[in-house]
Amino acid sequence: MRRFFVSVILISSLLITGCFFQQKEYSDTRFLMDTLVKITVYGQNQKALETATTEAFNVFKSVADATDSYEEHLPDDLYTLNKKAGEGPFKVNPTLLDLLTKTEAFHHKEINLALGKVIAIWQAHGQTKTVPTKAEIQAALLSTKSGAFTINETDGTVTLAPQASLDLGAVAKGYGVEAAANALKKHPEVESALVNGGGNIKVIGTKKDGKPWRIGIQNPRDNKKLLGTLSLTANMAVATSGDYQRYYEVDGVRYHHIIDPATGFPARHTISATAVTTSAYVADYYSTLLFILPTEEAIKLVESTDDLEAVIEDAQEKIYVSPGLKDKFSLAK
Amino acid sequence: MRKADYLIVVILLIIAALGYGFLMLKNNSSHKILIIKHDNSVVERIALKNVRTETKLAIPVQDGTIIVRYDKNGAWVESSPCPDKICVHQGKITKTSETVACVPEKILLTIEEPEKEAEHDAILK
């Protein structure tokens, strides 16, 4: 009998402490890099969670400032670098140098960071809902050819050819999300976290219930529905590139923002490409690359690259799920 | 065991039961989603049941910044640079399908209750 009562007391105490030491959640959302960035952190100490989140936003902001091609924030940022095209080597911000160096090391011609001039043309036409002529695009493409820019890692300089202009839209958000996640990891009080920046997600640790993070991927042709749900385990990242996020239509044709460097026109093989890997930066890079590549080539690339999984919906709305995601991705009904 | 021991056990059981009941109630709260739109594009979807603390959201708009606040029950516009401040005067929305709109700044807050949203930690758009 006594043993029974002792157990009852112990169980009750456990339940009570369970209520008192419940994990706290803190979340903040800010507009950065022309998108909404949301950081959600979990831990016991509310104050520490707030401090870590603020710090992570500061880190994201520093990446945003260094990689913004529209506005000057720093004397050595991307905006200033673009202004110095044709003027010889220019010493750039370390964050910008790191991002450029890492991205160039991938050597995929479908990701061209020198598309600035072409993107500017599309943006101007987007304002007036018109389509640029092939000649207009061809002329701008001349500024994007190899040799448009060279990096000198030792000196920390970048040299832009005359007329060349860089745009980091393909990778900057993922890089920012990864940098923010790394800032959160420096705080031991952060037990788990989710950083979500404009189509790029990085998770830290596991949820308190031990279940995987559940990430919904939007249906590219119906924004009220999902394409499916992805289960993400600790410290994984995912990014989606689609033709439905930023676009305008002329005569029923959709002109979206992901430009194929070979043609200077929006890539047409795919409507949604999701890349899953360990780094948010790498996920962002691959989601753009998989979106631009012809679908068969994209599938080959996924299956021959370590630590890379993907969900790709092609222009015929056929859905490919890579073997590694078979039990982690469930299609929406 | 003495009488006092039994009393302690009973008290502990009651506290535990209350705690358990509190948690159950919390889990049963609805799956309301606060949707914030700017110029017809969704800038944020928030599952209100996951909101623990009152949160401030600053949205850059044409004439400055709109400050939206939300908590687990609903959302309201705290301040806006628009001339007539109808959105601010509208107060807090808490029920499904309720909206607050700031037409000059093209901001719309609305509460919806779609099943799919509540099952996810985040939605990739």
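Residues numbered from 1 in each chain as written. Chains lettered and ligands numbered in written order. Predicted model: local features only at pLDDT ≥ 70, side-chain atom pairs only at ≥ 80, totals over all residues.

Asker: Quick question: what am I supposed to make of the overall build of chain A here?
Answerer: The helix and strand inventory of chain A stands at nine helices and 16 strands. By its C-alpha atoms, chain A is 90 × 45 × 40 Å across when sized along the principal axes. In chain A, which comprises 333 residues, the share counted as buried stands at 42%. (Helix = DSSP H or I, 4+ residues; strand = E, 2+ residues; numbered from the N terminus. Buried ≥ 20, exposed ≤ 12 C-beta atoms within 10 Å, placed from the backbone.)

Asker: Any chance you could explain the environment of Ile86 of chain B here in plain terms?
Answerer: Residue and element names in this part refer to chain B. Along the chain, Ile86 turns up in helix H2 (residues 86-89). Ile86 sits in the partly exposed class, given 15 other C-beta atoms within 10 Å. Separated by 31 residues in sequence, Ile86 and Thr55 have C-alpha atoms that sit 21 Å apart.

Asker: Help me out: how do you make sense of the nonpolar core in this one?
Answerer: One broad trend across soluble globular proteins is that nonpolar side chains are buried collectively. Ranked by size, the top nonpolar core spans 92 residues in total, and within it Phe60, Ala180, Leu184, Val238 and Leu290 of chain A carry the most contacts. Among the elements that take part in this core, helix H8 (residues 280-292) of chain A stands out by supplying ten residues, more than any other. The residue makeup of this core includes at least three contributed by each of domain 1 (70-160) and domain 2 (212-331) of chain A. Counting 19 residues, the second largest nonpolar core, distinct from the first, contains Ile46, Ile59, Ala75 and Ile93 of chain B. (Core = buried A, V, L, I, M, F, W, Y, C linked by C-beta atoms within 7 Å. Domains from an automatic or database assignment.)

Asker: Mind showing me how you'd approach the environment of Glu113 of chain B here?
Answerer: Residue and element names in this part refer to chain B. Relative to the assigned elements, Glu113 resides in the loop between strand E7 (107-112) and helix H3 (115-118). Glu113 gets classed as partly exposed once you count the C-beta atoms within 10 Å, which come to 14. Put simply, Glu113 and Cys102 are eleven residues apart on the chain and 22 Å apart in space, counted from C-alpha to C-alpha.

Asker: Which parts of the structure should I look at to understand the confidence of the model for chain B?
Answerer: Do not read the fine detail of predicted coordinates wherever pLDDT is low. Residues and elements named next belong to chain B. On average, residues of chain B score 81 in pLDDT, and 85% of them reach the 70 mark or higher. Of all helices and strands in chain B, the one with the weakest mean pLDDT is H3 (44), whereas strand E5 (residues 75-79) scores best (95). Among the prediction metrics, the complex's ipTM stands at 0.80, with pTM recorded as 0.77. (pLDDT = per-residue confidence, 0-100.)

Asker: Any chance you could explain the pairing of strand E5 (residues 157-160) of chain A here in plain terms?
Answerer: Put simply, side chains in a regular strand alternate between the two faces of the sheet. All names here are of chain A. Judged by which residues are buried, E5 turns out to be one-sided: Val158 and Leu160 face inward and are buried, whereas Thr157 and Thr159, on the alternate face, are not. Relative to E5, strand E3 (residues 90-91) runs antiparallel, the two sharing two bridges. The residue of E5 that forms the bridge with Lys91 is Thr157. Judged from the four bridges that link them, strand E4 (residues 149-152) and E5 form a sheet pairing that is antiparallel. Each residue of the ladder has a partner; that of Ile151, found in E5, is Val158. Counting the residues that bridge the hairpin from E4 to E5 gives four residues, and of these Gly156 lies at a positive phi of roughly 70°. (Pairing = 2+ DSSP bridges.)

Asker: I tried to follow helix H4 (residues 94-104) of chain A on my own but got confused; where do I start?
Answerer: Owing to its 3.6 residues per turn, the α-helix brings residues three or four apart onto one side. Restricting attention to buried positions, one finds in H4 of chain A the residues Thr95, Leu96, Leu97, Leu99, Leu100 and Thr103 of chain A. Lining the buried residues of H4 of chain A we find helix H2 (46-67), helix H3 (78-83), E4, E5, helix H7 (172-185) and H8 of chain A. (Contact = placed C-beta atoms within 7 Å.)

Asker: Just to check I follow, could you spell out the sheet that holds strand E10 (residues 237-242) of chain A for this structure?
Answerer: Paired through backbone hydrogen bonds, the strands of a sheet run either parallel or antiparallel to each other. Residues and elements named next belong to chain A. If you trace the eight strands from one edge of the open sheet to the other, you get E1-E2-E6-E7-E10-E13-E14-E15, paired in antiparallel fashion. Only two strands of the sheet have a single partner each, and these edge strands are strand E1 (24-32) and strand E15 (319-321). Pairwise comparison of adjacent strand axes, ignoring direction, gives a mean angle of 10° for this sheet. As defined by bridge partners, E1 adjoins strand E2 (residues 35-43) across nine bridges and the pair is classed as antiparallel. Residue pairing in the sheet places Thr29 in a bridge with Lys38 of E2. Where H2 meets the sheet, it contacts E1, E2 and strand E6 (192-197), and its direction lies at approximately 20° from that of E1. Contacts from helix H9 (residues 295-304) reach strand E13 (270-277), strand E14 (309-314) and E15, with the element oriented near 170° to E14. (Axes fitted to C-alpha atoms, helices over the stretch in contact; angles between N-to-C directions.)

Asker: I'm lost on helix H5 (residues 116-128) of chain A in this one. Help?
Answerer: All names here are of chain A. A rise of 1.5 Å per residue sets the reference length of H5, with its 13 residues, at 18 Å; its end C-alpha atoms lie 19 Å apart and thus fit the reference within 8%. Among the residues making up H5, those that are buried are Gly116, Lys117, Val118 and Trp122. Looking at the buried side of H5, the elements it contacts are H3 and helix H6 (134-141). Two residues or fewer after H5 comes Lys129, characterised by a positive phi angle close to 55°. (Expected span 1.5 Å × (residues − 1).)

Asker: Could you clarify how one ought to interpret unusual backbone geometry in this entry?
Answerer: Most peptide bonds take the trans form, and the phi angle of most residues other than glycine is negative. Residues and elements named next belong to chain A. Even without being glycine, Asn235 reaches a positive phi, approximately 60°. With respect to the helices, strands and loops of the structure, Asn235 is situated in the loop between strand E9 (222-232) and E10. A tally of 15 C-beta atoms within 10 Å means that Asn235 is categorised as partly exposed. Although it is not a glycine, Glu317 sits at a positive phi angle of roughly 65°. Mapped onto the elements of the fold, Glu317 is located in the loop between E14 and E15.

Asker: When you look at the packing of H2 of chain A against H4 of chain A in this model, what are you seeing that I'm missing?
Answerer: To describe two helices that pack against each other, one gives the angle between their axes and the distance between the axes. Residues and elements named next belong to chain A. Running from amino to carboxyl end, H2 crosses H4 at an angle of 75°, the nearest separation of the two axes being 9 Å. Regarding the angle of H2 to H4, the classification is roughly perpendicular. Residue-level inspection shows Ser62, Val63, Ala66 and Thr67 of H2 in contact with H4, the latter providing Thr95, Leu96 and Leu99. Residues that form the contact of H2 with H4 fall into these classes: four nonpolar, three polar and no charged. (Parallel < 35°, antiparallel > 145°, perpendicular 65-115°, else oblique. Nonpolar A, V, L, I, M, F, W, Y, C, P; charged D, E, K, R; others polar.)

Asker: Looking at this model, I keep getting lost on the domain arrangement of chain A. Mind explaining?
Answerer: All names here are of chain A. Looking at chain A, the domain boundaries give domain 1 (70-160) and domain 2 (212-331). Every contact between the two is made by 19 residues of domain 1 and, on the other side, twelve residues of domain 2. Elements with a contribution of two residues or more to the side of domain 1 that touches domain 2: H5 and H6. By residue number, the principal contributor to the side of domain 1 that touches domain 2 is H5, which donates four residues. Taken together, the residues of the side of domain 1 that touches domain 2 break down into ten nonpolar, six polar and three charged.

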